[in-house]
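The residues making up each chain are set out below.
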Amino acid sequence: MKILSCNSNRPLAEAISAYLALPLTKADVRRFSDMEVFVEIQENVRGEDVFVIQSTSYPANDNLMELLVTLDALKRGSARRITAVVPYYGYARQDRKSGPRTPISAKLVANLITVAGADRVLTLDLHAGQIQGFFDIPTDNLFAAPVFNLDIRKRFGDRQIVIVSPDVGGVIRARALARSLDADLAIIDKRRERAGVSEVMNIIGDVADRHCILVDDIVDSGGTLCNAAEALATAGGLSVSAYVSHGVLSGGAVARVSASPLTELVTTDSIRTTEAMRVAGNMRQITIAPLLGEAIRSIAQSRSVSRLFNYQNDEEP
């Protein structure tokens, strides 16, 4: 087994490498002067089981191209099996036709990854579960909920909490986490006037005198979470925290979250942290390296990966 990292999130790749006690494969992933991607694998990979770690986060197109070129290089290097480990799957929000003459880009990216040479895909908290069906190769979609569960138990102990879905679409995710924590569930009913702008309408459930924990898969502009936090604070919540799988945080999102009523925004390290996030007083990352490391080990040893979806969260994976 070999682990190879592209450039989008090398700290996560190094953490996975340390967890598995397996050094990263030497590779040169760089740009020509006109920004063309060039990849050279500097170790023999013939007959090897290779895992390529690359989130397709900002700059999404550059990082996606790095992944595709690396997959092609491994395929031409006669690797036995190539697994694309994509902690954050970019273009996932374009999972359906939103109007006439619009693309389904999540499907296009799935096709590109497959044609480039991937034999398998490992990812985390896809924006929509049906994206797994866009691939014609085995695809494992892990969940950050077990990692969140462990952190919430450590941070909140026996305090009264309520898990909150920031919209109706995230109810299944929030309900599963609430059930595992033996906590109540609340839902924010909001109306989205246009893309990137949301307005909180109602809160379904009892949040007064409780510590509210918002759960979502992606935070981009931060508008939905900040509006939800204001509504929960107004409704009598003792505190409002948020646990989000992927911290995209584009534009002025970090400043928006810093100025919001959110006590803390916790994201995984599926996307590399920025300096703005590091200095923000109410933002924190928790690692998914052990979770991905265990999944990689299970795939390499042909063992079940589904056990990682449901393990008891009072212990590390």
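Structure: above.
Residues numbered from 1 in each chain as written. Predicted model: local features only at pLDDT ≥ 70, side-chain atom pairs only at ≥ 80, totals over all residues. Heavy atoms only, no water.

Looking at this structure, how should I read the environment of Val254?
Relative to the helices and strands, Val254 resides in helix 7 (residues 253–258). When the C-alpha atoms of Val254 and Asp95 are compared, they prove to be 26 Å apart, with 159 residues separating the residues in sequence. Excluding residues that lie within four positions of it along the chain, Val254 makes contacts with Leu249, Ala276, Met277, Ala280 and Met283. (Helix = DSSP H or I, 4+ residues; strand = E, 2+ residues; numbered from the N terminus. Contact = heavy atoms within 4.5 Å.)

Sorry if this is basic, but what is going on with the pattern of salt bridges here?
Side-chain pairs of opposite charge can arise where the charged atoms are in close proximity. Scanning the model with the defined rule gives 19 salt bridges in all. Arg31 is the partner of Glu66 in a salt bridge, and the nearest nitrogen-oxygen pair spans 2.7 Å. Linking Glu66 in helix 2 (residues 60–76) with Arg31 in strand 2 (residues 27–31), this pair joins segments that are 35 residues apart in sequence. Classification of Arg31 as partly exposed rests on a relative accessible area of 24%. Of the charged contacts, one joins Asp140 and Arg120 as a salt bridge, the two residues approaching to 3.1 Å between their closest N and O atoms. Of this pair, Asp140 sits in strand 7 (residues 139–142) while Arg120 sits in strand 6 (residues 120–124), placing them 20 residues apart in sequence. The exposure class assigned to Asp140 is buried, which follows from its relative accessible area of 13%. Look at the salt bridges and you will find they share partners, linking Asp151, Arg155, Glu264 and Arg284 into a network. (Salt bridge = Lys/Arg side-chain N within 4 Å of Asp/Glu carboxyl O. Buried < 20%, exposed > 50% of the residue type's maximum accessible area, 1.4 Å probe, protein only.)

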